[in-house]
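Residues per chain, in single letters:
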Amino acid sequence: MSASHISIRGVNKVFQTEGRAVIALHNIDLEIPQGQFVCLLGPSGCGKSTLLNAVAGFAPPTSGTIHADGQLVSSPGPERGMVFQEYALFPWMTVAENVGFGLEIKGQSKARIAQTVEQLLAMLSLSDFRQRYPKDLSGGMRQRVAIARVLALDSPIMLMDEPFGALDALTRRNLQDELLRIWAELKKTIIFVTHSIEEAIYLADRIVVMTYRPGTVKRDLLVDLARLRDPASAEFNALKRELGQLVMEEQQRHHHEELRAAAVD
């Protein structure tokens, strides 16, 4: 396992729905090295979030194995921090209290917690908002707090489930740049779920395109573009067209399957 920070081998996930088995993931094999930024890309229903939740330990696979940081994943663990789309902040806590909550649970000293919180607030441009409550923040600021809270735990792996999906375009780009800066500085291993082709190209070292159910790996490609990336460049748009075709094939397959199912009914 030493060669890979995250090792996913032969992973299958089956759900029982209304008395029938639904295969969400089928025979997923991925090896992700330390410090790599990987985006999982594909249409809704392709199993991106299911795979991420399996790596997080929230929903273990039906069969196959996942190792993270050299350990078999069977439940959530401190080496894997999760950032959700819906922020998941405690509304009764201030920004500073939210960021420091995990450290308090771990039993760290008040001085250490205060030092870590101040560093992260400064890193994410939140220092002036330390005493605000989540209800008083914009969506972008709430997501900054959610990211800071995960970073406070110093997990070597960050798992991110469409964290910018609900944000406006300008806020989204600002947070993408902020995330890239943090990733370059802290050398985290990141798995990032998105349905945005442009976001995947802008962020990732590597893009894993997944098929519609059952979710399998359709294409696994390295993004050979210099950073920071220009979405207007010819190279960026050539890759965007290639990925767009791959995703569209899966969307069309989904549409045809729905039509066949409707005809049978």
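Participant: How should the pairing of strand 1 (residues 6-17) be read in this particular structure?
Facilitator: Consecutive side chains of a regular strand alternate in pointing toward one face of the sheet and then the other. When strand 1 meets strand 2 (residues 20-32), the two strands line up antiparallel, connected through nine bridges. Note on strand 2: the bridge partner recorded for Val11 is Ile28. Between the antiparallel neighbours strand 1 and strand 2 lie two residues, among them Glu18 with a positive phi of about 50°. The sheet contact formed by strand 1 and strand 4 (residues 63-68) spans five bridges and is antiparallel. The residue of strand 4 that forms the bridge with Ser7 is His67.

Participant: Is there a simple way to think about the packing of helix 4 (residues 139-152) against helix 5 (residues 169-186) in this case?
Facilitator: For any two helices packed against each other, the geometry comes down to the angle between their axes and how far apart the axes lie. Where helix 4 contacts helix 5, the axes come no closer than 11 Å and their chain directions differ by 15°. Classified by the interaxial angle, the pair formed by helix 4 and helix 5 is roughly parallel. The two elements helix 4 and helix 5 meet at a crossing, and its hand is right-handed. Between helix 4 and helix 5, the contacting residues are Gly140, Gln143, Arg144 and Leu151 on the first element and Thr171, Leu175, Glu178, Ile182 and Leu186 on the second. Residues belonging to the contact of helix 4 with helix 5 are distributed by class as follows: four nonpolar, three polar and two charged.

Participant: Honestly, the nonpolar core in this entry has me stumped. Any pointers?
Facilitator: The tendency in soluble globular proteins is for nonpolar side chains to be buried side by side. The biggest cluster of nonpolar side chains holds 53 residues, and the ones touching the most others in it are Phe37, Phe192, Ile207 and Leu243. Top contributing element to this core by residue count: helix 4, with eight residues. Sequence-distant contacts of Leu243, that is, excluding residues within four places in its chain, are made with Leu41, Ile197, Ile201, Ile207, Val209 and Leu221. With 25 residues, the next largest nonpolar core counts Leu25, Ile32, Leu52 and Val73 among its residues.

Participant: Teacher, can you tell me more about the sheet that holds strand 4 here?
Facilitator: What links the strands of a sheet is backbone hydrogen bonding, and the strands pair in either a parallel or an antiparallel sense. The sheet built from four strands is open, its strands ordered 2-1-4-5 with antiparallel pairing. Looking at which strands have only one partner, the edges of the open sheet turn out to be strand 2 and strand 5 (71-72). Where strand 4 lies against strand 5, two bridges are found, and the strand directions are antiparallel. Bridging across to strand 5, His67 finds its partner in Leu72.

Participant: Explanation requested: the packing of aromatic side chains in the structure shown.
Facilitator: Within a pair of aromatic rings, the relevant descriptors are the distance that separates the centres and the angle that separates the planes. Tallying each qualifying case throughout the model produces six aromatic pairs. With centroids separated by 4.8 Å and ring planes inclined at 65°, the aromatic side chains of Phe90 and Phe101 adopt a geometry described as edge-to-face. Of this pair, Phe90 sits in the loop between strand 6 (80-83) and helix 2 (95-105) while Phe101 sits in helix 2, and the two are 11 residues apart along the sequence. A residue is classified by how much of its surface remains accessible, and Phe90, at 22% relative accessible area, is partly exposed. The class for Phe101 is partly exposed, based on a relative accessible area of 27%. Joined through ring pairs, the aromatic side chains of Phe37, Phe164, Trp183 and Phe192 make up one cluster. Here Arg149 stacks its cationic end above the ring of Phe90, 5.2 Å away from the centre of that ring. Note that Arg173 overlies the ring of Tyr202, its terminal NZ or CZ placed 4.0 Å from the centroid.

Conventions used here
Residues numbered from 1 in each chain as written. Predicted model: local features only at pLDDT ≥ 70, side-chain atom pairs only at ≥ 80, totals over all residues. Heavy atoms only, no water. Pairing = 2+ DSSP bridges. Helix = DSSP H or I, 4+ residues; strand = E, 2+ residues; numbered from the N terminus. Axes fitted to C-alpha atoms, helices over the stretch in contact; angles between N-to-C directions. Parallel < 35°, antiparallel > 145°, perpendicular 65-115°, else oblique. Left-handed = near helix turned anticlockwise from the far one by under 90°. Contact = heavy atoms within 4.5 Å. Nonpolar A, V, L, I, M, F, W, Y, C, P; charged D, E, K, R; others polar. Core = buried A, V, L, I, M, F, W, Y, C linked by side-chain atoms within 4.5 Å. Buried < 20%, exposed > 50% of the residue type's maximum accessible area, 1.4 Å probe, protein only. Phe/Tyr/Trp six-rings, centres within 6.5 Å; stacked < 30°, edge-to-face > 60°. Lys NZ or Arg CZ within 6 Å of the ring centre and 35° of its normal.

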